[in-house]
Amino acid sequence: PLHLSTEFKDDPSSIPVGDLILFNAPTREDAIEFAENSPAALSGLYANMKLHRYNSLDVTGKFVAGNLVDPSKTKHTDDMKEAMEHWGYPVDDMQTKWLNW
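Residues numbered from 1 in each chain as written. Predicted model: local features only at pLDDT ≥ 70, side-chain atom pairs only at ≥ 80, totals over all residues. Heavy atoms only, no water.

A. Structural context of the overall build of the protein chain. Within the protein chain, the secondary structure is distributed over 3 helices and 2 strands. Ordered by position from the N terminus, the helices and strands of the protein chain form the series β-β-α-α-α. Burial analysis of the protein chain (101 residues in total) assigns 15% to the buried set. Counting contacts in the protein chain only where the partners sit at least 6 residues apart, residues at least 24 apart contribute 26% of the total. With an accessible surface of roughly 8700 Å², the protein chain has 59% of that area assigned to carbon and sulfur atoms. (Helix = DSSP H or I, 4+ residues; strand = E, 2+ residues; numbered from the N terminus. Buried < 20%, exposed > 50% of the residue type's maximum accessible area, 1.4 Å probe, protein only. Contact = heavy atoms within 4.5 Å. Areas by Shrake-Rupley, 256 points an atom, 1.4 Å probe, with all protein chains shown as cover.)

In structure tokens form, the structure reads like this:
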């Protein structure tokens, strides 16, 4: 769970405030169905839930996933990768060997 931030890890005022769950879904409707039918949601654990789209970009600047169901939905991802490569940012595994397990 996500906690309110405090100065010390064992501070009792650091209470759980929610969860952050990342997953891929073909459509927004599929994502909503998945979230609403999760065991935690069905048991009433959450007072409310929010769904947000995110871009498939990891912290190194490499694009790690495209939309295999509908590639046109991630064309902007390919365009950004091309621009980043043009400006010298690492965009493939051979450029960031220290991050590849």
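From this point, the narrative continues.
B. Representation of a negative patch on the surface in the model. Negative charge collects at one region of the surface, where Glu29, Asp30, Glu33 and Glu36 lie side by side. You can see Glu29 is positioned in helix 1 (residues 28–36). (Patch = residues over 30% accessible without salt bridge, like charges linked within 9 Å, V, L, I, M, F, W, Y side chains within 5 Å. Salt bridge = Lys/Arg side-chain N within 4 Å of Asp/Glu carboxyl O. Lys, Arg positive; Asp, Glu negative; His and termini not counted. Charge placed at Lys NZ, Arg CZ, Asp CG, Glu CD.)

C. Quick peek at the environment of Ile21. For Ile21, the location among the structural elements is in the loop between strand 2 (16–18) and helix 1. Between the C-alpha atoms of Ile21 and Leu51, which are 30 residues apart in sequence, the distance is 9.7 Å.

D. Highlighting the side chain of Ser38. Mapped onto the elements, Ser38 comes out in the loop between helix 1 and helix 2 (39–42). A polar atom in the side chain of Ser38 sits 3.2 Å from the backbone oxygen of Ala35. (Polar contact = N/O pair within 3.5 Å; in protein donor to acceptor, adjacent residues only side chain to side chain.)

E. Main features of a nonpolar patch on the surface. A surface patch of nonpolar side chains, about 250 Å² in accessible area, is lined by Leu4, Ile15 and Val17. Within the secondary structure, Leu4 is located in the loop between strand 1 (2–3) and strand 2.

F. Molecular detail of helix 3 (residues 75–86). Given a rise of 1.5 Å per residue, 12 residues ought to cover 16 Å, and the 17 Å separating the end C-alpha atoms of helix 3 matches this to within 8%. Gly88 lies just past helix 3 and shows a positive phi near 90°. (Expected span 1.5 Å × (residues − 1).)

G. Structural context of the confidence of the model for the protein chain. Looking at the protein chain as a whole, its pLDDT mean stands at 75, while 75% of the residues score no less than 70. At the low end of the mean pLDDT range in the protein chain sits strand 1, at 68; at the high end sits helix 1, at 91. (pLDDT = per-residue confidence, 0-100.)

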